[in-house]
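Chain by chain, the residues run as shown.
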Amino acid sequence: MKKSILLVAILAAFTFTSCKDNAAEKVNVENVAEAADRDATAGNFPKMEFTQTTHDFGNIVQGTPVEHKFTFTNTGNAPLVIVDAKSSCGCTVPEFTKEPVAPGATGELLVKFNGSGKNQVSKAVTITANTAAGKETLTIKAFVEAKDAAAGSSVIQ
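One structure accompanies this document, and this report is about it. (Residues numbered from 1 in each chain as written. Predicted model: local features only at pLDDT ≥ 70, side-chain atom pairs only at ≥ 80, totals over all residues. Heavy atoms only, no water.)

## Points about the pairing of strand S7 (residues 119–129)
- Across 5 bridges, the pairing between strand S4 (residues 82–87) and S7 is antiparallel. Looking at the pairing, Ile 82 lines up with Ala 129 of S7.
- The loop that links S7 with its antiparallel partner strand S8 (residues 135–145) comprises 5 residues; one of these, Gly 134, has a positive phi angle of about 90°. (Pairing = 2+ DSSP bridges. Helix = DSSP H or I, 4+ residues; strand = E, 2+ residues; numbered from the N terminus.)

Spelled out as structure tokens, the structure:
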């Protein structure tokens, strides 16, 4: 038991006395400057400002394809990159630019809806981008009339 205590004491003394190098002397000044620059720009994100986030197509006949362009401006301090855009169902297809949108520049996102469903429908389009939030959401709405009902309502009186 005495030998194990003595061995632990010798190992502890050796460990504490062998680290005499000053860690501050090992720091590379160039790396510190690079890290400071990186940290200063870490808060610079692009920001998507849409002119509208919801579009209502109104009344449409079932199966009638419609589309709408959502316009946005990058009001942030870095180039905006849209990574992906997905809708809540397969009946809505978003199309977006693959090129970065510079700060202050505008871009468009085209949303196509095939007119499926009945009555009031609402579909969400989720955009994944390099913004601070990471995701933006747009909404399209329409009142989809059945083909039979729409044909009957077009009778001239």
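## Structural notes on the nonpolar core
- Residues Met 48, Leu 109, Phe 113 and Ile 127 are the most contacted members of the largest nonpolar core, which totals 24 residues.
- Within the residue set of this core, elements represented by two or more residues are strand S1 (48–50), strand S2 (54–61), strand S3 (66–74), S4, strand S6 (106–113), S7 and S8. (Core = buried A, V, L, I, M, F, W, Y, C linked by side-chain atoms within 4.5 Å. Buried < 20%, exposed > 50% of the residue type's maximum accessible area, 1.4 Å probe, protein only.)

## A closer look at the sheet that holds S6
- Read across the sheet, 4 strands follow the order S1-S3-S6-S5 without closing on themselves; strand pairing throughout is antiparallel. Edge positions in the sheet fall to S1 and strand S5 (92–96), since each of these pairs with one other strand and no more. Strand-to-strand, the axes of this sheet are offset by a mean angle of 30°, without reference to chain direction.
- Sheet topology places S5 next to S6; 5 bridges connect them, and they run antiparallel. Each bridged residue has a counterpart across the sheet, and for Thr 92 the counterpart in S6 is Phe 113. (Axes fitted to C-alpha atoms, helices over the stretch in contact; angles between N-to-C directions.)

## A few points about the pattern of salt bridges
- One pass over the full model with this rule turns up 4 salt bridges.
- Note that Asp 84 is salt-bridged to Lys 86, the shortest N-O span being 3.8 Å.
- According to the relative accessible area criterion, Asp 84 is partly exposed, its value standing at 26%.
- The exposure class assigned to Lys 86 is exposed, which follows from its relative accessible area of 54%.
- Put simply, Glu 95 and Lys 112 hold a salt bridge, and the shortest N to O gap is 3.1 Å. With a gap of 17 residues between them, Glu 95 in strand S5 and Lys 112 in strand S6 connect regions that are remote in the sequence. (Salt bridge = Lys/Arg side-chain N within 4 Å of Asp/Glu carboxyl O.)

## A look at the state of the cysteines
- Following the criterion strictly, the structure yields 1 disulfide and no others.
- With a sulfur-sulfur separation of 2.4 Å, Cys 89 is cross-linked through a disulfide to Cys 91. Handedness here is read from the sign of the S-S torsion; for Cys 89 and Cys 91, about -50°, the answer is left-handed.
- Exposure remark for Cys 89: the relative accessible area of 23% places this residue in the partly exposed category.
- Note on Cys 91: relative accessible area 10%, which makes it buried. (Disulfide = S-S within 2.5 Å.)

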